[in-house]
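Fold and geometry: a report
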Amino acid sequence: MQSLRYLYRYGMGPSSSHTIGPRNAADIFKLRTPDAAAYRVTLYGSLSLTGKGHLTDQAVMQGLSPAPCEIIWHNEPLSFHPNGMKFEALDSAGQCSQEWTTFSIGGGELREQEGSESEHPQMYTQSSMQDVLQWAIDSGRPLWQLVEDSEEPDFINTYLADIWEKMKISIDRGLNKDGVLHGGLHLPRKARDVMVKARRLKESEARTGLLSGYALAVAEENADGGYVVTAPTCGSSGIVPSVLYYSSYEKRHSDRSIINALATAGLIGNLVKENGSISGAEVGCQGEVGVACAMAAGAAAQLMGGSSHQIEYAAEMALEHHLGLTCDPVLGLVQVPCIERNAFAAVRAMACAEYALLTDGRHLISFDKVVETMRKTGHDILSLYRETSLGGLATAFFENNNKESV
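Right, let's walk through the structure included here. Nothing here was measured: the structure is a model prediction, and the numbers come from that model. (Residues numbered from 1 in each chain as written. Predicted model: local features only at pLDDT ≥ 70, side-chain atom pairs only at ≥ 80, totals over all residues. Heavy atoms only, no water.)

Now for the packing of aromatic side chains. All chains considered together, the criterion is met by 10 aromatic pairs. Put simply, the rings of Phe29, Tyr39, Phe87 and Trp100 touch in pairs and so form one group of aromatic residues. Its end group placed over the ring of tyrosine 159, arginine 5 keeps NZ or CZ at 4.5 Å from the ring centre. Positioned above the aromatic ring of tyrosine 10 is the side chain of lysine 166, whose terminal nitrogen or guanidinium carbon lies 5.2 Å from the ring centre. (Phe/Tyr/Trp six-rings, centres within 6.5 Å; stacked < 30°, edge-to-face > 60°. Lys NZ or Arg CZ within 6 Å of the ring centre and 35° of its normal.)

What follows is the structure, given as structure tokens:
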């Protein structure tokens, strides 16, 4: 597995695969072609079908600025991955002098079709949850210390500590804004209202509201093109911060405990990234919200004192019960149903952690098997339901509007 710094990235929303990845690709191509007079970029598949709502064109043009850039939208995907893009550098006569095709495979990661290796070097010798659990058994150490052993020196105290600070900033920004999100849905921000109402309830009744408010704060920031931490993606960026923020500010866990839990959550997300997918265009929303819920559930179980096997069980449950979840954003925006899904998944993550701690961690189907099932299920889901806005809720919205206008 790669370093967690390539799972937890900080960048512009609303989509890691549609904004962070393409922006990184644009930056790379601009460095390769400093003398280009202009650029032409063709976006394929999901990047084309939902790119306008996901601000993909803006991300690409910002990266290639100040040179002019023509965006070509090509709805048919390339064979390697649904998120393909071709960059062309043009000379003063408008002729292509250099081109590059790359793919945004989820979480901001880029991959070339010819390359079997990942974008960044492997940092972990473990490649499955079973490997990770065996390491914990053999060493007698908690899961987060595998991160400490495998990453660069002081990674947890520097990089992950900074990621935690950025997560808190995203929540604080979201809780202090109101108004309407960009796009054609005219969707009002709800995070602050939900949080204020939750504060009026008894503690036992307030948890759903507080977790929802924190998750909505980040998801709304992301939906408006704000800067968030991918955990593991922008579209699911509210879930892990919500659970950690709640654990920190409502349950008084120390920053050190929170950062250690963030490390464990990263291991869980990295395992899915390695063996499944975190790309909504490839496997649907189960790869985004489902994986984020698993990460948050594992982190919460650790904070509650769970064993390594209870942490694995919490993560397994959270992912298992998101199997088959489609990605069908209305108007191609990361708003409906995406924002509410962050809130519900944060609440579900806490429930999975609590349930796991009622057991000894033994269960029938392993986390690794659920990841394999998620990958197969995602490939079986029709492309209509994998971040194309051609089916599901996206089309139901238009059908409903058409009926109302008749």
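Judged by nonpolar contacts, the single largest core of 96 residues is most densely connected at Tyr8, Leu160, Met167, Leu244, Leu262, Leu319 and Phe367. With residues near it in sequence (within four places) discarded, leucine 262 still touches Tyr8, Leu160, Ile163, Trp164, Met167, Val240 and Leu244. Counting residues in each nonpolar core, the second largest holds 18 residues, with Tyr39, Val60, Ile71 and Met85 among its members. (Core = buried A, V, L, I, M, F, W, Y, C linked by side-chain atoms within 4.5 Å. Buried < 20%, exposed > 50% of the residue type's maximum accessible area, 1.4 Å probe, protein only. Contact = heavy atoms within 4.5 Å.)

Here we come to the packing of helix H8 (residues 203–223) against helix H9 (residues 239–249). Where H8 meets H9, the axes come as close as 8 Å, and the angle between the chain directions of the two elements is 130°. Comparing their axes, H9 and H8 come out oblique. Relative to H9, H8 is oriented so that their crossing is right-handed. Where H8 approaches H9, its residues Arg207, Leu210, Leu211, Tyr214, Ala215 and Val218 are matched on the opposing element by Pro241, Ser242, Val243, Tyr245 and Tyr246. In terms of residue class, the contact of H8 with H9 is made up of nine nonpolar, one polar and one charged. (Axes fitted to C-alpha atoms, helices over the stretch in contact; angles between N-to-C directions. Helix = DSSP H or I, 4+ residues; strand = E, 2+ residues; numbered from the N terminus. Parallel < 35°, antiparallel > 145°, perpendicular 65-115°, else oblique. Left-handed = near helix turned anticlockwise from the far one by under 90°. Nonpolar A, V, L, I, M, F, W, Y, C, P; charged D, E, K, R; others polar.)

Quick look at a nonpolar patch on the surface now. On the surface, a cluster of nonpolar side chains totalling about 260 Å² of accessible area is made up of Leu382, Leu384 and Leu390. Mapped onto the secondary structure, leucine 382 falls in the loop between helix H15 (367–380) and helix H16 (393–405). The exposure class assigned to leucine 382 is exposed, which follows from its relative accessible area of 53%. (Patch = residues over 30% accessible without salt bridge, like charges linked within 9 Å, V, L, I, M, F, W, Y side chains within 5 Å. Areas by Shrake-Rupley, 256 points an atom, 1.4 Å probe, with all protein chains shown as cover. Salt bridge = Lys/Arg side-chain N within 4 Å of Asp/Glu carboxyl O.)

Here we take up the sheet that holds strand S3 (residues 69–74). Spatially, S3-S2-S4-S5-S6 is the arrangement adopted by the five strands of the open sheet, whose pairing is mixed. The outermost strands of the open sheet, each flanked by one partner alone, are S3 and strand S6 (109–111). Across this sheet, the average inter-strand angle for adjacent strands is 25°, counted without regard to direction. By the bridge criterion, seven bridges tie strand S4 (residues 84–90) to strand S5 (residues 96–106) in an arrangement that is antiparallel. Looking at S5, one finds that glycine 84 is bridged to phenylalanine 103. Set on the sheet, helix H1 (residues 16–32) makes contact with strand S2 (38–44), S4, S5 and S6; between it and S5 the angle comes to about 150°. (Pairing = 2+ DSSP bridges.)

Below, the discussion takes up the pattern of salt bridges. Under the criterion given, the structure shown has 22 salt bridges. Between arginine 9 and glutamate 109 there is a salt bridge, with the nearest N and O atoms lying 2.8 Å from each other. Taken together, the residues span a long stretch of sequence, with arginine 9 in the segment before strand S1 (10–12) and glutamate 109 in strand S6 at a distance of 100 residues. Across this residue pair, the class does not change: arginine 9 and glutamate 109 are buried. As a salt-bridge pair, glutamate 203 and lysine 251 come within 3.1 Å of each other at their nearest N and O atoms. Of this pair, glutamate 203 sits in helix H8 while lysine 251 sits in the loop between H9 and helix H10 (255–275), and the two are 48 residues apart along the sequence. Lysine 251 sits in the partly exposed class, given a relative accessible area of 42%. Look at the salt bridges and you will find they share partners, linking Arg173, Lys177, Arg189, Glu221 and Asp224 into a network.

Bringing helix H4 (residues 129–139) into the picture now. For H4, the set of buried residues is Met129, Val132, Leu133, Trp135 and Ala136. Looking down the long axis of H4, one finds its buried residues gathered within 150° of arc, a one-sided arrangement. Positive backbone phi, at 70°, marks glycine 140, one or two positions downstream of H4. (Arc of directions from axis to C-beta.)

Here we take up the packing of H9 against helix H14 (residues 338–357). Between H9 and H14, the shortest axis-to-axis distance is 8 Å and the interhelical angle comes to 50°. Taken together, the axes of H9 and H14 lie oblique to each other. The two elements H9 and H14 cross, and the hand of that crossing is right-handed. Mapping the contact onto sequence places Ile239, Ser242, Val243 and Tyr246 in H9 and Asn342, Ala345, Ala346, Ala349 and Met350 in H14.

So, about unusual backbone geometry. A cis amide bond links alanine 231 to the next residue, proline 232, at an omega of 5°. Summarising the element assignment, proline 232 is placed in the loop between strand S7 (227–229) and H9. One non-glycine residue, glutamate 387, adopts positive backbone phi at about 60°. Relative to the helices and strands, glutamate 387 resides in the loop between H15 and H16.

Shape is all these values report; function is a separate question.
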